[in-house]
Amino acid sequence: MLFRSEQPVEDLSRLEAFAHGETVTWIDVQGMGDEGTLRRIAGLFGIHPLALEDAVNVPQRAKVQEHPGHLLVIGRVPCIDEEGQVATPQVCLLIGPRHLITFQERPGDVFDAVRARIRAGRPQMRTGGPAYLAYALLDAVVDHYFVLLEQIGLHMEAIEEERDEVFVTFLTRNNQGSHSILDRKSTRLNSSHSSVSRM
């Protein structure tokens, strides 16, 4: 059974009930700033010190590694940052017997669709356990690569269109200049021809 209540947790002692409970619990930690909080969570859920070190030290290479009591998965979530640049913040999943803990490098993620499925009580989300939940989260990360590629493709198309407009404008202006020069030369030639004819 998946525990479907969503609530921010400031008092970490509230997590003790879920450390060894029967429900499947997803704990999402966004930001790596408070070392004391991270170590307290690790202590409550029996996270191996080496697993915690991998989870919170940025950057790490993508990997899957077994630790006592947990399977650690590290990946990167592609996104466009505030400055319009491509960024790949780190996300770590620690999969335990009845819980899943995610450590995210920065607030904000691509997991809203998964949260919606949990709220809706989808059967697989309710019965699949932490491993299925981890699969759903990783699937959302992979899907977002395609979203980012589409965004980059649209951006490149806009750049190409702007380039083409500038190029056409440049050619148009230069062609008009060439026609003016040719017209002036033609006028001079016609004038010279008339002068010769009168002589």
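Parameters and conventions
- Along each chain, the written sequence defines residue order, and numbers are assigned to residues from 1.
- Reporting in this predicted model follows two pLDDT cut-offs: at least 70 for local features of residues, and 80 or more for side-chain atom pairs to be given and counted; totals over whole chains, interfaces and linings ignore these cut-offs and use all residues.
- Side-chain figures throughout are based on the complete set of non-hydrogen atoms in the structure, without hydrogens or water.
- The nonpolar core is taken to be a set of buried Ala, Val, Leu, Ile, Met, Phe, Trp, Tyr and Cys residues, with the residues joined through side-chain atoms within 4.5 Å.
- Type-normalised accessible area, obtained with a 1.4 Å probe on protein chains alone, sets the label of each residue: buried when under 20%, exposed when over 50%, and partly exposed for intermediate values.
- Numbering of helices and strands runs from the N terminus; a helix is a DSSP stretch of H or I covering at least four residues, while a strand is a stretch of E covering at least two.
- Note on contacts: a residue pair is in contact if any heavy atoms of the two residues lie within 4.5 Å.
- Each Phe, Tyr or Trp ring (for Trp, its six-membered ring) is paired with any other whose centre lies within 6.5 Å, and the angle between the two planes then decides the class: stacked below 30 degrees, edge-to-face above 60, tilted in between.
- Patch definition: residues with relative accessible area over 30% and no salt bridge; like charges joined within 9 Å; nonpolar side chains (Val, Leu, Ile, Met, Phe, Trp, Tyr) joined within 5 Å.
- What sets the accessible areas is the Shrake-Rupley method with a 1.4 Å probe; for residues, cover comes only from the shown protein chains.
- Within this document, salt bridges are pairs made up of a side-chain nitrogen of Lys or Arg and a carboxyl oxygen of Asp or Glu, the two lying within 4 Å of each other.
- This count recognises Lys and Arg as positive and Asp and Glu as negative, with His and chain-terminal groups excluded.
- Charge positions come from single atoms, namely NZ of Lys, CZ of Arg, CG of Asp or CD of Glu.
- In this scheme, strands are said to pair when DSSP sees at least two bridges between them.

**What about the nonpolar core?**
Logical step 1: Membership of the largest hydrophobic core comes to 22 residues, with the highest contact counts inside it found for Phe45, Ile47, Leu94, Ile101 and Phe103.
Logical step 2: For this core, the secondary structure elements donating two or more residues are strand S1 (25-30), helix H2 (35-44), helix H3 (49-56), strand S3 (70-76), strand S6 (90-95) and strand S7 (99-104).
Logical step 3: Excluding residues within four positions of it along the chain, Ile47 makes contact with Ile41, Ala42, Leu52, His70, Leu94, Ile101 and Phe103.
Logical step 4: Counting 19 residues, the second largest nonpolar core, distinct from the first, contains Trp26, Leu100, Val114 and Ala136.

**Re the packing of aromatic side chains**
The geometry of an aromatic ring pair is captured by the separation of the ring centres together with the interplanar angle, meaning the angle of the planes.
Logical step 1: Taken as a whole, this structure holds two aromatic pairs when the rule is applied.
Logical step 2: Ring geometry for Trp26 and Phe111: centres 6.2 Å apart, planes at 70°, overall edge-to-face. Of the two residues, Trp26 sits in strand S1 while Phe111 sits in the loop between S7 and helix H4 (112-119), which places them 85 residues apart along the sequence.
Logical step 3: Taking relative accessible area as the criterion, Trp26 reaches 19% and is therefore assigned buried.
Logical step 4: On the accessibility criterion, Phe111 (1% relative accessible area) is buried.
Logical step 5: Summarising the aromatic geometry, the rings of Tyr132 and Tyr135 are spaced 5.6 Å apart at their centres and angled 45° between planes, so their arrangement reads as tilted. With Tyr132 and Tyr135 both in helix H6 (residues 129-198), this residue pair falls three residues apart, about one helical turn.

**Points about a negative patch on the surface**
Logical step 1: A cluster of like negative charges, contributed by Glu157, Glu160, Glu161, Glu162 and Glu165, occupies part of the molecular surface.
Logical step 2: Assessed through its relative accessible area of 43%, Glu157 is described here as partly exposed.

**Overview of the pairing of S3**
Logical step 1: Counting buried residues along S3, five of its seven residues qualify, which places the element largely inside the surrounding structure.
Logical step 2: Direction of pairing for strand S2 (residues 63-67) relative to S3: antiparallel, over a ladder of five bridges. Paired with Lys63 across the strands is Ile74, a residue of S3.

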